[in-house]
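For reference, the chains in residue letters:
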Amino acid sequence: MKILIVDDFSTMRRIIKNLLRDLGFTNTAEADDGTSALPMLQSGNFDFLVTDWNMPGMTGIDLLRAVRADERLKHMPVLMVTAEAKRDQIIEAAQAGVNGYVVKPFTAQVLKEKIEKIFERVNG
Amino acid sequence: MNHSDSLLGDLESTLKTHARELVENLEQGNFGEAVQLIHELNKARDRGLYHEVGKLTRELHTAIVNFQIDPRTPVAEEVSQITDATERLNYVVTMTENAANRTMDLVEQSAPLVNELGDEASRLKAEWSRFMRREIDADGFRDLARRIDQFLGRSERHAQTLSTNLNDIMLAQDYQDLTGQVIKRVTQLVTQVEQDLLKLMLMASSVDRFAGIQHNLDELLEAKKKEKGPTQAEGPQIAADKRDDVVSSQDDVDDLLSSLGF
């Protein structure tokens, strides 16, 4: 299981990386916005994408749309971990095809639940 | 504003009186008088305008001095307050980032030690149970005693390291005091700048009033509305409970998503 973590803040990437490692996911890579993440996804055999929304360059919602529009990536599970908390935004992300939505600040428990739920659905 | 109100009042009453006299003079055929009155009217209007422009110039100068962005002021060698505030906020970003990284370094150093102790303790516990059930021979017991001895030594060393790490994690939170002070000062500056900007806005509006400029408010509002689409990222919500269009917890997010069939 190879996971790409996309966030413009290195500390947040590090926190998510540590939490994922505790959950048993040790194969992770990092990108600081959509522009650098997309080519990595297209060439890197990733199985799962965790992304922030608000980033310079390409935002998380645009990255999600780009992933869904890419023939080879469109089935990849995407979890959004973001401070964006407007109802319209959550609906927008859902319509764009997000698989899970976690609002910051979050707990290790919430992240674990959402990831497990996504894999249950993907495998089931 | 009171001053410019009274000035506007003076001008208005002068205009009204002169206009009436002008009509009367024209009706009675006193064209010389009428031309003189038109001249008076012009003078009154110019006087008002000059006065207002002069006042605005003075106020504008004060406002600029307040912002400390005028290169001719004596403080020009020093940084402007805005530049200073930007530097201060960058300092906050650096401090918080350093503290977060320092804390995570220490946690990453500590976690393997705790795991190691936990794992070895469960292994020894299983061995100890076997010993209690008399399932271990003399050689086995010597081996167990040696491992327990090593474990106690390691526990002591790791406990010391962990205690130091916990202390360092606590000390890494000292940014809170410093950044708190910096942010408070920047907040004061923002409030000051807002007041100065408000003054400038009031001045601009009195220019509009005096010169008779009209703005299309509907058009301005429409343009502002267009700027703010739903995809515009807003960052963390600091008063989520006061807004209806914002979720206030992860539970709200989950409810919303499940209502959408997730």
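Our subject is the structure listed above.
Remember, predicted model here, so these are calculated numbers, not experimental data.

Colleague: Sorry if this is basic, but what is going on with the overall build of chain B here?
Modeller: Helix and strand counts for chain B come out as seven helices and zero strands. Starting at the N terminus and walking to the C terminus, you meet the elements of chain B as α-α-α-α-α-α-α. For chain B, long-range pairs separated by at least 24 residues make up 68% of all intrachain contacts whose partners lie at least 6 apart in sequence.

Colleague: In this structure, what is going on with the packing of aromatic side chains? I would like to understand it.
Modeller: Two numbers describe a pair of aromatic rings. These are the distance of the centres and the angle of the planes. Residue and element names in this part refer to chain A. Scanning all chains against the criterion turns up four aromatic pairs over all chains. Between the aromatic rings of F25 and F119, the centroid separation amounts to 5.9 Å while the plane-to-plane angle is 40 degrees, which identifies the pairing as tilted. Of this pair, F25 sits in the loop between helix 1 (10–22) and strand 2 (28–31) while F119 sits in helix 5 (residues 108–123), and the two are 94 residues apart along the sequence. We classify F25 as buried; its relative accessible area is 17%. Members of the aromatic cluster, joined through ring pairs, are F25, F48 and F119. Looking at K2, its charged tip hangs above the ring of F46, at a distance of 4.6 Å from the centre.

Colleague: Teacher, can you tell me more about the interface of chain B and chain A here?
Modeller: A common measure of how large an interface is: the accessible area buried when the components associate. Opposite the 28 residues of chain B that make contact, chain A presents 27 residues. Of the roughly 2,400 Å² buried between chain B and chain A on both sides combined, carbon and sulfur atoms contribute 58%. Among the residues of chain B in contact with chain A, M104, Q250 and F262 of chain B are the three that bury the most area, contributing 23% of the side total. The tally of links between chain B and chain A comes to four salt bridges. Residue E234 of chain B is joined to K86 of chain A by a salt bridge in which the shortest nitrogen-to-oxygen separation is 3.1 Å. Applying the counting rule to chain B against chain A returns 13 residue pairs in polar contact (both at pLDDT 80 or more). Secondary-structure elements contributing two or more residues to the side of chain B that touches chain A are helix 3 (81–132) and helix 7 (250–259) of chain B.

Colleague: Explain a nonpolar patch on the surface here, please?
Modeller: Residues W128, M132 and F141 of chain B make up a contiguous nonpolar surface patch of roughly 320 Å² in combined accessible area. The residue M132 of chain B is located in helix 3 in this model.

Colleague: I keep staring at helix 1 of chain A and nothing clicks. Help me out?
Modeller: Between the first and last C-alpha of helix 1 of chain A there are 18 Å, a value that for 13 residues agrees with the 18 Å anticipated at 1.5 Å per step. Residues of helix 1 of chain A that are buried make contact with strand 1 (3–6), strand 2, strand 3 (48–51), strand 4 (78–82) and helix 5 of chain A together with helix 3 of chain B. Of the residues trailing helix 1 of chain A, G24 of chain A is marked for its positive phi of about 100 degrees.

Colleague: Even after reading the chapter, I still don't get the environment of M40 of chain A, so can you show me in this structure?
Modeller: All names here are of chain A. Tracing the backbone through its elements, the reader meets M40 in helix 2 (residues 34–43). Judged by relative accessible area, which is 28%, M40 ranks as partly exposed. As for M40 and E30, which are separated by 10 residues in sequence, their C-alpha atoms are 9.3 Å apart. When near neighbours in sequence (up to four residues on either side) are disregarded, M40 contacts L4, A29, E30, A31 and F46.

Colleague: Would you mind showing me how to read the nonpolar core here?
Modeller: Soluble, globular proteins show a tendency: their nonpolar side chains are buried together. Counting residues in hydrophobic clusters, the biggest one holds 34 residues, and the most contacted among them are L4, V6, L41, L49, L63, V67 and Y101 of chain A. Counting residues per element, the ones that place at least two in this core are strand 1, strand 2, helix 2, helix 3 (60–69), strand 4, helix 4 (87–96) and strand 5 (100–103) of chain A together with helix 7 of chain B. Counting residues in hydrophobic clusters, the runner-up holds 18 residues, among them I3, I5, M12 and F25 of chain A.

Colleague: Help me understand the environment of L89 of chain B in this model?
Modeller: When you line up the elements, L89 of chain B lands in helix 3. Counting along the chain gives 22 residues from L89 of chain B to A111 of chain B, while the straight-line C-alpha distance between them is 33 Å.

Colleague: Mind showing me how you'd approach the sheet that holds strand 2 of chain A here?
Modeller: All names here are of chain A. Spatial ordering of the open sheet is given by 2-1-3-4-5, a layout of five strands whose pairing is parallel. In this open sheet, the two strands that pair with only one neighbour each are strand 2 and strand 5. Geometrically, the sheet is characterised by an average inter-axis angle of 20 degrees between neighbouring strands, direction not taken into account. As paired strands, strand 1 and strand 2 are joined by four bridges and run parallel to one another. Paired with I5 across the strands is E30, a residue of strand 2. Lying over the sheet, helix 5 contacts strand 3, strand 4 and strand 5, oriented at roughly 160 degrees with respect to strand 4.

Colleague: Is there a simple way to think about the pattern of salt bridges in this case?
Modeller: In a structure, side chains of opposite charge can pair up when their charged atoms sit close to one another. One pass over the structure, following the stated rule, counts 26 salt bridges over all chains. Among the ionic pairs, K17 of chain A bridges to E30 of chain A, the shortest N-O distance being 3.8 Å. Taken together, the residues span a long stretch of sequence, with K17 of chain A in helix 1 and E30 of chain A in strand 2 at a distance of 13 residues. On the basis of relative accessible area, E30 of chain A is assigned to the partly exposed category, the value being 32%. Members of the salt-bridge network, linked through shared partners, are E116, E120, R123, R147 and R154 of chain B.

Analysis parameters
- Residues numbered from 1 in each chain as written.
- Chains lettered and ligands numbered in written order.
- Predicted model: local features only at pLDDT ≥ 70, side-chain atom pairs only at ≥ 80, totals over all residues.
- Heavy atoms only, no water.
- Helix = DSSP H or I, 4+ residues; strand = E, 2+ residues; numbered from the N terminus.
- Contact = heavy atoms within 4.5 Å.
- Phe/Tyr/Trp six-rings, centres within 6.5 Å; stacked < 30°, edge-to-face > 60°.
- Buried < 20%, exposed > 50% of the residue type's maximum accessible area, 1.4 Å probe, protein only.
- Lys NZ or Arg CZ within 6 Å of the ring centre and 35° of its normal.
- Buried area = accessible area lost by both parts, 1.4 Å probe.
- Salt bridge = Lys/Arg side-chain N within 4 Å of Asp/Glu carboxyl O.
- Polar contact = N/O pair within 3.5 Å; in protein donor to acceptor, adjacent residues only side chain to side chain.
- Patch = residues over 30% accessible without salt bridge, like charges linked within 9 Å, V, L, I, M, F, W, Y side chains within 5 Å.
- Areas by Shrake-Rupley, 256 points an atom, 1.4 Å probe, with all protein chains shown as cover.
- Expected span 1.5 Å × (residues − 1).
- Core = buried A, V, L, I, M, F, W, Y, C linked by side-chain atoms within 4.5 Å.
- Pairing = 2+ DSSP bridges.
- Axes fitted to C-alpha atoms, helices over the stretch in contact; angles between N-to-C directions.

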